[in-house]
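Here is what each chain is made of, one letter per residue.
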Amino acid sequence: MDEPLIERMRQYGETIFAEMTRLAVETESVNLGQGFPDTDGPRSLLEGASRNILAGVNQYPPGPGRPELRDAVSRYRARHYGLEFDPEAEVYVTVGATAGIAASMLALVEAGDEVIVFEPMYDSYAATISLAGGVRRPVTLRRESLSGRFTFDPAELRAAVTPRTRLIMVNSPHNPTGTVFTPAELEEIAAVCRENDLIAVTDEVYEFLTFDDRRHVPLATLPGMRERTLSISSVGKTFAVTAWKTGWVTGPEPLVRAVRTVNQFLTFSANGALQLAIADALDNEGEWIERQRLALQGKRDRLAEGLTRAGFEVNVCEGTYFLMTDIRPLGYADGVDVARALPRQAGVAAVPAKVFYDRQDEGRHLLRFAFCKKDEVLDEAVRRLASWHGWVN
């Protein structure tokens, strides 16, 4: 039989996260590749889920999500950002943010429509745009020489717009660069949307994981953007329960209805017992979120200092779980080669940033390390990398 997979998906094989985690397991490496914590979320959240399961909340919940969670999402968006959403019509629960992103692309992108994406980009963006038959128009985030943070050229963003452009995909705090878009940067994006009548889809899963007094500003809060922005977030990163795969989409009713129409035939509903526990945590675990944010800021600093000592050039990280590093000071040029060698040679797994780019030369020299791990795990990874660097040189 010929290759049965549809043509537009043949370029997508095993994800880089799966490959690096598999290598980490095979080599018993410290896994700083895939972004999952090695500690659990708040005890009340875990106990709430267990209590709900034992109480019999084990059948299909309503397709749009439990009303308790939709209400809680509506409350926290209003509390933190001043955004008011009707929980009945403007909040929709999905199986993680990834399902929300997929359903959004399938609902809003026609074959041949163009989608502007900031690269490096989380790998599901490219795949779901292709699945919808869309065409990516990348705008590259590049490192500023003075600040060390990644940002975009507004002229390049405007040049990416064509008559076929349908929407802009925005991820802030940004994986993998760690950039938190400033109000000025967001206004550049908003202006392009308003002037060209574009939809914005925002991935905000790291919304509470920002550092050094930076604050996440949702694009929907800018003038003229609430009515054209579909915002996506989830419980996984906020409460360190990445396996729970429970997310939500908020936005104006027509856009949310479009996502709901598609997603009801993809996953239909998410786990109801978990939804109830998450609703309670969104209302009551704000202090835990703040402690987690501060702890992660300390872990960022701990790993950044260690990687610098080991010879990497470490770029500025303003949020998320990740540090981007330049391998060229170590004498290497291709991050894929280094990432595949590290588990066997050094006993550490990382992710090559090159795979997050359409213009792969832009990220060839970059590696991404996750710092959402116990301090002793980070220290062991640094020790191994320092020994490896000494050995190969």
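Fair warning: this is a prediction, and the values are worked out from it, not measured in the lab.

Here is what the cut-offs are and how they apply
Residues numbered from 1 in each chain as written. Predicted model: local features only at pLDDT ≥ 70, side-chain atom pairs only at ≥ 80, totals over all residues. Heavy atoms only, no water. Core = buried A, V, L, I, M, F, W, Y, C linked by side-chain atoms within 4.5 Å. Buried < 20%, exposed > 50% of the residue type's maximum accessible area, 1.4 Å probe, protein only. Contact = heavy atoms within 4.5 Å. 1 Å grid on protein atoms, 1.4 Å probe; cavity = no way out; pocket = protein on both sides within 12 Å on 5 of 7 lines; lining within 4 Å. Points joined across faces, edges and corners; volume = space filled by probe spheres on them. Helix = DSSP H or I, 4+ residues; strand = E, 2+ residues; numbered from the N terminus. Nonpolar A, V, L, I, M, F, W, Y, C, P; charged D, E, K, R; others polar. UniProt positions renumbered as here; feature names shortened; annotations may be inferred. Axes fitted to C-alpha atoms, helices over the stretch in contact; angles between N-to-C directions. Parallel < 35°, antiparallel > 145°, perpendicular 65-115°, else oblique. Left-handed = near helix turned anticlockwise from the far one by under 90°. Phe/Tyr/Trp six-rings, centres within 6.5 Å; stacked < 30°, edge-to-face > 60°. Lys NZ or Arg CZ within 6 Å of the ring centre and 35° of its normal. Expected span 1.5 Å × (residues − 1).

A. Broad picture of the nonpolar core. With 92 residues, the main nonpolar core has Phe 118, Ile 168, Ile 189, Phe 312, Phe 369 and Leu 385 as its most contacted residues. Among residues more than four places away in sequence, those in contact with Phe 118 are Val 139, Leu 141, Phe 152, Leu 157, Ile 168, Met 169, Val 170, His 174, Phe 181 and Ile 189. Formed by 28 residues, the second largest nonpolar core is a distinct cluster that contains Val 241, Ile 278, Ala 281 and Trp 288.

B. Summary view of the layout of surface pockets. Quantified by volume, the largest pocket comes out at close to 560 Å³. Gln 11, Tyr 12, Gly 13, Asp 123 and Val 355 are, among the 23 residues lining the largest pocket, the residues nearest its centre. Residue assignment for the lining of the largest pocket shows that the elements contributing at least two residues are helix H1 (16-27), helix H5 (123-131) and helix H12 (335-345). The greatest single-element share of the lining of the largest pocket, amounting to four residues, is contributed by H5. Here the lining of the largest pocket is composed, by residue class, of twelve nonpolar, five polar and six charged. A volume near 480 Å³ is recorded for the second largest pocket.

C. Structural detail: the UniProt feature "domain: Aminotransferase class I/classII large" (unreviewed entry) in the chain. According to UniProt, the "domain: Aminotransferase class I/classII large" (unreviewed entry) feature falls on residues 29-385. Within the segment residues 29-385, helix and strand shares are 40% and 17% respectively, and the terminal C-alpha atoms sit 11 Å apart.

D. Quick peek at the packing of H1 against H12. Interhelical geometry of H1 versus H12 gives an angle of 15° and a closest axis separation of 9 Å. Judged by the angle between their axes, H1 and H12 are roughly parallel. With respect to the hand of their crossing, H1 and H12 are arranged in right-handed fashion. Of H12, the residues touching H1 (which contributes Glu 19, Met 20, Leu 23, Glu 26 and Thr 27) are Ala 339, Arg 340, Pro 343 and Arg 344.

E. Looking closely at the packing of aromatic side chains. For the structure on display, the rule yields 14 aromatic pairs. Judged by centre distance (6.1 Å) and plane angle (70°), the rings of Tyr 76 and Trp 248 are edge-to-face. Of this pair, Tyr 76 sits in helix H3 (residues 67-81) while Trp 248 sits in strand E10 (residues 247-250), placing them 172 residues apart in sequence. The burial state of Tyr 76 is the same as that of Trp 248; both residues are buried. Stacked on the ring of Phe 322, the Lys or Arg Arg 368 has its end atom at 3.6 Å from the ring centre.

F. Structural context of helix H11 (residues 286-309). With 24 residues, H11 ought to run about 34 Å at 1.5 Å a step, and its terminal C-alpha atoms sit 35 Å apart, in line with that. Those residues of H11 that fall on the buried side of the exposure criterion are Trp 288, Ile 289, Gln 292, Arg 293, Leu 296, Gln 297, Lys 299, Arg 300, Leu 303, Ala 304, Gly 306 and Leu 307. At the exit of H11 stands Gly 311, carrying a positive phi of roughly 110°.

G. Representation of the packing of helix H4 (residues 96-108) against H5 in the model. Where H4 meets H5, the closest approach of the two axes is 8 Å, and the angle between their N-to-C directions is 30°. The handedness of the crossing between H4 and H5 comes out as right-handed. Side by side, H4 and H5 meet where Thr 98, Ile 101, Ala 102, Met 105 and Leu 106 of the first sit next to Ser 124, Tyr 125, Thr 128, Ile 129 and Leu 131 of the second. The class makeup of the residues in the contact of H4 with H5 is seven nonpolar, three polar and no charged.

H. Summary view of unusual backbone geometry. With an omega of 5°, the peptide bond running from Glu 119 to Pro 120 counts as cis. Following Asn 175, the chain continues into Pro 176 via a peptide bond in cis, with omega recorded as 20°. Position of Pro 176 among the secondary structure elements: in the loop between strand E7 (165-171) and helix H7 (183-196). In this structure, Asp 197 is a non-glycine residue whose phi angle is positive, near 55°. Phi is positive for Asp 213, which is not a glycine, with a value near 65°. Mapping Asp 213 onto the fold places it in the loop between strand E8 (199-203) and strand E9 (229-234). Of the residues examined, Asp 213 reaches a relative accessible area of 78% and is grouped as exposed.

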